[in-house]
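# Observations on the model geometry
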Amino acid sequence: MQSTKKILSALDLKPFRFSPPLFLSILLFIIIVIGTLLLKLPISTVHPISWLDALFLSTSASTVTGLSPFETGQTFTFFGQIVLMLLIQVGGIGVMAFAVFFVILLGKKVSIRQRQLMQEALNVPSIGGVIRLVSWILIFSFVIELIGTFFLAFRFVPEFGWGKGLYYGLFHSISGFNQAGFSLFPGSMSQYIGDPIVNLTMIMMITLGGIGFTVLAELLSTHRYHKLSLHAQVMITGTLIINVIGVLAIFIIEYANPHTLGPLSIGNKFWAAFFQGISPRTAGLTTIDPAGLSQASLLLTMLMMFIGAGSTSTSGGIKLTTFMIIIAQVFTFLKGRREVVINKRTVNHQVIVRAVSIISISVIVVLLAVFLLCLSENQPFVVILFEVISAFGTAGESIGATAHLSAFGKIVIMCVMFFGKVGPLTLAFSVTKRSHVDIRYPDGEIYTG
């Protein structure tokens, strides 16, 4: 107990001068290293894997991505699967949330510095109430994951027995809620393509995990849409719109595709389109092989993975609210207006600048990674682009690139996964020094368009 207190006391960071973004990045890196060491143990795998593959899997699990060169259920022992599940849980909810939780359990007072770290980790505007939010997030996450396990048990227990059935339910519930994309079944969830219980439960877990903890907290406190914050309103509306578009588009485009929905019955077509239209945004679990999708569906899937889900959620990507703000800005410009107005609320100029910066940095990183993989990998451009966007969005879907990546290619994808999890601005602020200059220079004219 004393040694634990000494470790946790380091969270006060008094001897260090790390910025919150840099410290959070370091914490995630430490978790990845610990996961690598555990996954390399002989008791973790059925057959030995290389250090690079152990690092790749640990990075994929800790960043809740789901990309893997192996079939999880066939490569890892029960111990290895438990390690993966713990990495997914800690990576999804956040290492700082668990650290603060243990600080509270030990009866220690949460310092201002720790509150600032939690504010940065959760991307909330102020430190007021952040500890209450952390406690709520942990309790809510565990309860939802247990509910998901309960419903999945109705399908898995009759098939695998009580022990294995409950374990499979728990693993996939955690994987779904944290948007991880890992599955213990060959071919992800394809053997349950038409199963209503599995489909509805997994989509429920994916949606709740991706909409954002702050939005969920608001929904539990008030059930009236007009009383929600602008962020919650935009997030809920955007989620409904993009989910409906994704499901309908996949259903229509892939309806006659012999490699995806074509051979299925009309009922299974609906369930497959329902799952594929929602899951790719961050979850990565699939019921059809994404490699068989048409080019139009692949492009749509890449767009959804790039956008991701909600801020303060377990997902990656640029975040849905960022995308919605940019769309609103475009319409504002086309209408000749000065201010961006959403639901009779003016969006702060700094929020728009932040959204533009997030998208710009993200596009640059994705293009750089694609360029490097085009140099190192002997694979089609679409396959490489899909892999990079999947890694950036921490989505975990692959159309065949992961298993054939070179050592250099795996390093590139690991960096992209790390970048996608930490976030463009968080990582940028980790390596740069923010300056506040009150000097204003004369306006200059630059022609665009």
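Residues numbered from 1 in each chain as written. Predicted model: local features only at pLDDT ≥ 70, side-chain atom pairs only at ≥ 80, totals over all residues. Heavy atoms only, no water.

## Here we look at the pattern of salt bridges
What the rule picks out here adds up to 3 salt bridges. The salt bridge partner of Asp53 is Lys410, with a shortest N-O separation of 2.5 Å. Of the two residues, Asp53 is situated in helix H3 (residues 51-62) and Lys410 in helix H18 (residues 407-422); the sequence distance between them amounts to 357 residues. The residues Asp53 and Lys410 share a single accessibility class, namely buried. Across the salt bridge formed by Glu159 and Arg155, the nearest N and O atoms sit 3.3 Å from each other. Here Glu159 pairs with Arg155, and both are found in helix H8 (residues 130-160), just 4 residues apart, close to one helical turn. Residue classification places Glu159 among the partly exposed residues on the basis of a relative accessible area of 37%. What you see here is one network of salt bridges that share partners, running through Arg155, Glu159 and Asp195. (Salt bridge = Lys/Arg side-chain N within 4 Å of Asp/Glu carboxyl O. Helix = DSSP H or I, 4+ residues; strand = E, 2+ residues; numbered from the N terminus. Buried < 20%, exposed > 50% of the residue type's maximum accessible area, 1.4 Å probe, protein only.)

## Here's the deal with the confidence of the model for the chain
Caution applies to low-pLDDT regions: their predicted coordinates should not be interpreted in detail. The pLDDT averaged across the chain works out to 84; a share of 83% of its residues lies at or above 70. Every residue in residues 10-16 scores below 50 in pLDDT, and together they form 13 contacts with partners more than four places removed in sequence or on other chains. (pLDDT = per-residue confidence, 0-100. Contact = heavy atoms within 4.5 Å.)

## Some remarks on the packing of helix H5 (residues 78-93) against helix H9 (residues 162-177)
Running from amino to carboxyl end, H5 crosses H9 at an angle of 30°, the nearest separation of the two axes being 9 Å. Classified by the angle between their axes, H5 and H9 sit roughly parallel to one another. Relative to H9, the crossing made by H5 is left-handed. Contacts from Phe78, Gln81, Ile82, Met85, Ile88 and Gln89 in H5 reach Tyr167, Leu170, Phe171, Ile174 and Ser175 in H9. Tallied by class, the residues present in the contact of H5 with H9 amount to 8 nonpolar, 3 polar and no charged. (Axes fitted to C-alpha atoms, helices over the stretch in contact; angles between N-to-C directions. Parallel < 35°, antiparallel > 145°, perpendicular 65-115°, else oblique. Left-handed = near helix turned anticlockwise from the far one by under 90°. Nonpolar A, V, L, I, M, F, W, Y, C, P; charged D, E, K, R; others polar.)

## As for the environment of Gly409
Note that Gly409 resides in helix H18. Since its relative accessible area comes to 0%, Gly409 is described here as buried. Spatially, the C-alpha atoms of Gly409 and Ala369 are 9.1 Å apart, while their sequence positions differ by 40 residues. Aside from chain neighbours lying at most four places away, what touches Gly409 is Leu373, Ser376 and Glu377.

## Re a nonpolar patch on the surface
On the surface, a cluster of nonpolar side chains totalling about 890 Å² of accessible area is made up of Phe29, Ile30, Val33, Ile34, Leu37, Leu38, Leu41, Ile43, Trp51 and Phe79. Here the element with the most residues in the nonpolar patch is helix H2 (residues 20-39); it accounts for 6 residues. Among the secondary structure elements, Ile30 is positioned in helix H2. (Patch = residues over 30% accessible without salt bridge, like charges linked within 9 Å, V, L, I, M, F, W, Y side chains within 5 Å. Areas by Shrake-Rupley, 256 points an atom, 1.4 Å probe, with all protein chains shown as cover.)

## Comments concerning the nonpolar core
The biggest cluster of nonpolar side chains holds 86 residues, and the ones touching the most others in it are Leu39, Phe56, Phe156, Met189, Val388 and Ile413. Once residues within four sequence positions are removed from consideration, Ile413 is found in contact with Phe56, Leu67, Leu373, Glu387, Val388, Ala391 and Leu405. Counting residues in each nonpolar core, the second largest holds 20 residues, with Ile93, Leu216, Leu228 and Leu320 among its members. (Core = buried A, V, L, I, M, F, W, Y, C linked by side-chain atoms within 4.5 Å.)

## Digging into H3
Between the first and last C-alpha of H3 there are 16 Å, a value that for 12 residues agrees with the 16 Å anticipated at 1.5 Å per step. When you tally the buried positions in H3, you get 9 out of 12 residues, the bulk of the element. Within the sequence span of H3, burial applies to Asp53, Ala54, Phe56, Leu57, Ser58, Thr59, Ser60, Ala61 and Ser62. Val64 sits one or two positions beyond H3 and adopts a positive phi of about 45°. (Expected span 1.5 Å × (residues − 1).)

## Looking at the packing of H3 against H5
Across the interface, H3 lies against H5 with an axial gap of 7 Å and an inter-helix angle of 45°. Relative to H5, H3 is oriented oblique. Between H3 and H5, the residues in contact are Leu57, Ser58, Ala61 and Ser62 and Leu84, Leu87, Ile88 and Gly91, respectively. Of the residues contributing to the contact of H3 with H5, the split by class is 5 nonpolar, 3 polar and no charged.

## Examining the packing of aromatic side chains
Under the defined criterion, the tally for this structure stands at 18 aromatic pairs. Consider the rings of Phe160 and Tyr168, whose centres lie 5.0 Å apart with planes at 45°: the pair is tilted. With relative accessibility at 24%, the residue Phe160 sits in the partly exposed group. Judged by centre distance (6.0 Å) and plane angle (80°), the ring pair of Trp271 and Phe274 falls under edge-to-face. Residue Trp271 and its partner Phe274 are both found in helix H13 (residues 266-278); the two are separated by 3 residues, about one turn of the helix. For the pair formed by Trp271 and Phe274, the shared burial category is buried. The structure contains a cluster of three or more aromatic residues connected by ring pairs, namely Phe78, Phe156, Phe160, Tyr167, Tyr168, Phe171, Phe185 and Tyr192. Over the aromatic face of Trp51 sits the side chain of Lys40, whose NZ or CZ is 5.3 Å from the ring centroid. (Phe/Tyr/Trp six-rings, centres within 6.5 Å; stacked < 30°, edge-to-face > 60°. Lys NZ or Arg CZ within 6 Å of the ring centre and 35° of its normal.)

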